[in-house]
Amino acid sequence: MSTLRLDQFLASAALVFILAAPVSALGQQTEPSQAGLPAPSKAGDASAGDALTSPPASATPEESRAPDRLTALDPADRAIAERIRDLLDTKPNRIFADEKAHAAVQAFYQKRNLAPLWLDNGLENARSKAVIARLKNADADGLDHADYKTPTFGGLSPDALAEAELSLTQTVLTYARHLQAGRVPHRQVREDNIALPQRAPDPAVVLAAVVEENDAGQALDQFSPPYENYQKLKAALSQLRGRTAGGARDVITAGRMLTFNRKRPLEDARVPQLRERLGVPGEATDLRYDEKLAQAVKEYQRGNDLPPTGNLDARTVKKLNPTNDSRIDTIIANMERWRWYHRDIRKSRVEVNEPDFTLKVIHDGRQVWTSRVVIGKPSMPSPLLAQQMDSITINPTWKVPASIVRNEYLPAEAREPGAMARMGLRVKRVNGEVEITMPPGGKNPLGHIRFNFFNRLTVFQHDTPDQYLFAHVVRAESHGCMRVQDAPKYAEVLAGMVHPEEQWTAEKIKGLYAGGIEQEISLGSGPIWIYWTYQTAFVDDAGKLQIRRDLYNLDSRTLAAIKGAREIANPASESKSEPTMATPAPAAPAHRRKAAPPVNRARS
């Protein structure tokens, strides 16, 4: 009985296996893949017991090979793409010497399956033509089109087309970098006296821009400095180049020598023009060569290696008449410096033009106040910077910078013991070093007000007891910090922008002087920024190009650095001339700034 049941069970199991086998095989052969995925493998369908006893068959070479991304390309582009892949895989790379740019370009082309950017079906496309047209017009931005080599795509083999493709990509990245950040690191112009970011654009952002915009040439506009002053200089540059080469506009004509005569001042038709050129206020109908104008001429002569006689002679007239060529160079140097600043424009800001000795306060994009300033003398120049305004200190204590202690006060004390005490200075030793301070008061070189903005150069703006300096035409008298003519009004304007509900006025601020107690008015976190600029060329509100004396020789240094970079630049060494952009100093925490305000390196 048991034997019969066992036979029946085995027969039934065999029948089930025979009937099920064809159905399982049919299912594996005919079940379609879903969502583009391959059909499940046999191993995936097998039971746990099958997996232990029957290992899956190994994949064939065809199944394990990654899909070729080039098969989707047009045949004409496929051979070019293969060569692009080979060129980008080469390390070190002779086209992209900069590793960051190389990595960004390689990722960019891999994302587009190595398809050419400037070619369609092996032929130059509209994107390429638009970009090349822009590069050939680089002079409009104060650059030199000869620095941006562009290829010719006609009649080339696939290998040569691939090299031309990547060469144009490299040229576009170089142009965008020069347009946004400048051609040379600013440390080559003035070492360790500039606190600006000078940031180059991300290569991936540049490539994305030329792909996404309808006009690839216009897409590069976004890397130009966004400042209105830059755009005005660009327009002025175009106008000057349209004039006769070497000529000058607004020429002060030759004539008799003008000398100051107190009793009978000379009159001359050139006086209003001369007064405007030197920045001396006066009426257009006033033709007198007076004492103020003669003094301005003397200061101009002193600053331009001319005998400081105060007389308007032929040599001075010639110096006062720059040619168009020299004006063009001045504009180019100024456009280059605008590229060192931040890309974002603060609607509430303070703009200082050092060669013009002026300060402007901009609130919500509109100028609300302006004043004269005194800047650092050429031997101790004021820096260029862009920083957040932090606070206003009333009745500041002056901590004498170590350089002044060492070079001025200690030698004076050695010559005349007790001199520092008579000046109201307090002397003590801190960690073995002499520290000199002056308490708040009318004799304090900072005056009654200091305007603070944290920066690695430890400079700031402040009041001054020496108000007579603001009557000078050339106001380069300080040790690097900046004096503001009407400090109480300046404080009123800044505090009113941040705290309008507190109704600050100049008189209210002066009322805090009594008692000499140091007090601080916070300007919040980031609503106001201050920009110290060096504009020897700018277009005034009347649309007229103004040229100022190059006090710190930054124009000549900027142009020399550009010339030097161009002489050594070539595609294989592009990274050598690429600016290593300065990293801005991190902003100090609020508690740190309040506990230890910036220590001025300048006397006033």
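The preceding data block contains the structure.
Residues numbered from 1 in each chain as written. Predicted model: local features only at pLDDT ≥ 70, side-chain atom pairs only at ≥ 80, totals over all residues. Heavy atoms only, no water.

## What about the pattern of salt bridges?
So, step 1. One pass over the full model with this rule turns up 26 salt bridges.
So, step 2. As a salt-bridge pair, Asp-356 and Arg-548 come within 2.7 Å of each other at their nearest N and O atoms. With a gap of 192 residues between them, Asp-356 in the loop between strand S4 (349-353) and strand S5 (358-363) and Arg-548 in the loop between strand S19 (545-547) and helix H20 (554-568) connect regions that are remote in the sequence. This pair shows no difference in class: Asp-356 is buried, exactly as Arg-548 is.
So, step 3. Salt-bridge contacts for Lys-428 lead to Glu-435; the nearest nitrogen and oxygen are separated by 3.8 Å.
So, step 4. Judged by its relative accessible area of 18%, Glu-435 is buried.
So, step 5. If you follow the salt bridges from partner to partner, you end up with Arg-134, Asp-141, Asp-221 and Lys-234 in one network. (Salt bridge = Lys/Arg side-chain N within 4 Å of Asp/Glu carboxyl O. Helix = DSSP H or I, 4+ residues; strand = E, 2+ residues; numbered from the N terminus. Buried < 20%, exposed > 50% of the residue type's maximum accessible area, 1.4 Å probe, protein only.)

## As for the packing of helix H15 (residues 324-338) against H20
So, step 1. Between H15 and H20, the least distance of the axes is 9 Å, while the angle of their chain directions is 80°. Taken as axis vectors, H15 and H20 run roughly perpendicular relative to one another. Of the residues in H20, those touching H15 at Asp-329, Thr-330, Ile-332, Ala-333, Asn-334, Glu-336 and Arg-337 are Leu-554, Asp-555, Thr-558, Leu-559 and Ile-562.
So, step 2. Its residues placed into classes, the contact of H15 with H20 shows 5 nonpolar, 3 polar and 4 charged. (Axes fitted to C-alpha atoms, helices over the stretch in contact; angles between N-to-C directions. Parallel < 35°, antiparallel > 145°, perpendicular 65-115°, else oblique. Contact = heavy atoms within 4.5 Å. Nonpolar A, V, L, I, M, F, W, Y, C, P; charged D, E, K, R; others polar.)

## Considerations on helix H5 (residues 75-89)
So, step 1. The end-to-end C-alpha distance of H5, which contains 15 residues, comes to 22 Å, matching closely the 21 Å that a straight helix rising 1.5 Å per residue would cover.
So, step 2. Residues of H5 that are buried in the fold lie against helix H6 (99-111), strand S1 (119-120) and helix H8 (158-181).
So, step 3. Between the side-chain oxygen of the N-cap and the backbone nitrogen of Ala-76 there are 2.8 Å, and the N-cap of H5 in question is Asp-74. (Expected span 1.5 Å × (residues − 1). Polar contact = N/O pair within 3.5 Å; in protein donor to acceptor, adjacent residues only side chain to side chain.)

## Quick word on the pairing of S4
So, step 1. For S4, a buried count of 5 out of 5 residues is recorded, marking the element as mostly surrounded by other parts of the structure.
So, step 2. Side chains Arg-349, Glu-351 and Asn-353 project from S4 onto one buried face, and the interleaved Val-350 and Val-352 project onto a second face that is buried too.
So, step 3. The pairing of S4 with S5 spans 5 bridges and is classified as antiparallel. Across the sheet, the residue bridging to Val-352 is Leu-359, located in S5.
So, step 4. Taken together, S4 and the strand that follows it, S5, pair antiparallel across an intervening segment of 4 residues, in which Phe-357 is found at a positive phi of about 55°.
So, step 5. As paired elements, S4 and strand S17 (residues 529-533) share 5 bridges and run parallel to each other. Paired with Glu-351 across the two strands is Tyr-531, which belongs to S17. (Pairing = 2+ DSSP bridges.)

## Focus on H15
So, step 1. Taking 1.5 Å of rise per residue, 15 residues should cover 21 Å, and H15 covers 21 Å from first to last C-alpha, within 8% of that figure.
So, step 2. Of all 15 residues in H15, 12 are buried, a share of seventy percent or more.

## Focus: the packing of aromatic side chains
So, step 1. Within the structure shown, the criterion is met by 11 aromatic pairs.
So, step 2. Ring plane angle 80° and centroid distance 6.4 Å describe the contact between Tyr-227 and Tyr-341, whose orientation is recorded as edge-to-face. Placement of the pair is Tyr-227 in the loop between helix H10 (216-219) and helix H11 (228-241) and Tyr-341 in the loop between H15 and S4, with a sequence separation of 114 residues.
So, step 3. Residue classification places Tyr-341 among the buried residues on the basis of a relative accessible area of 6%.
So, step 4. Measuring from ring centre to ring centre gives 6.4 Å for Tyr-227 and Tyr-531, while their planes differ by 75°; the resulting arrangement is edge-to-face. With a gap of 304 residues between them, Tyr-227 in the loop between H10 and H11 and Tyr-531 in strand S17 connect regions that are remote in the sequence. (Phe/Tyr/Trp six-rings, centres within 6.5 Å; stacked < 30°, edge-to-face > 60°.)

## Some details on the environment of Ala-133
So, step 1. Looking at where Ala-133 falls in the secondary structure, it is placed in helix H7 (residues 126-136).
So, step 2. Once the C-alpha coordinates of Ala-133 and Thr-150 are considered, the two residues, 17 residues apart in sequence, prove to be 9.6 Å apart.

## Observations concerning a negative patch on the surface
So, step 1. On the surface, Glu-82, Asp-86, Asp-89 and Asp-159 cluster together into a patch of negative charge.
So, step 2. Looking at the negative patch element by element, the count peaks at 3 residues for H5.
So, step 3. Take Asp-86: it is sitting in helix H5.
So, step 4. On the basis of relative accessibility, which here comes to 39%, the residue Asp-86 falls in the partly exposed class. (Patch = residues over 30% accessible without salt bridge, like charges linked within 9 Å, V, L, I, M, F, W, Y side chains within 5 Å. Areas by Shrake-Rupley, 256 points an atom, 1.4 Å probe, with all protein chains shown as cover. Lys, Arg positive; Asp, Glu negative; His and termini not counted. Charge placed at Lys NZ, Arg CZ, Asp CG, Glu CD.)

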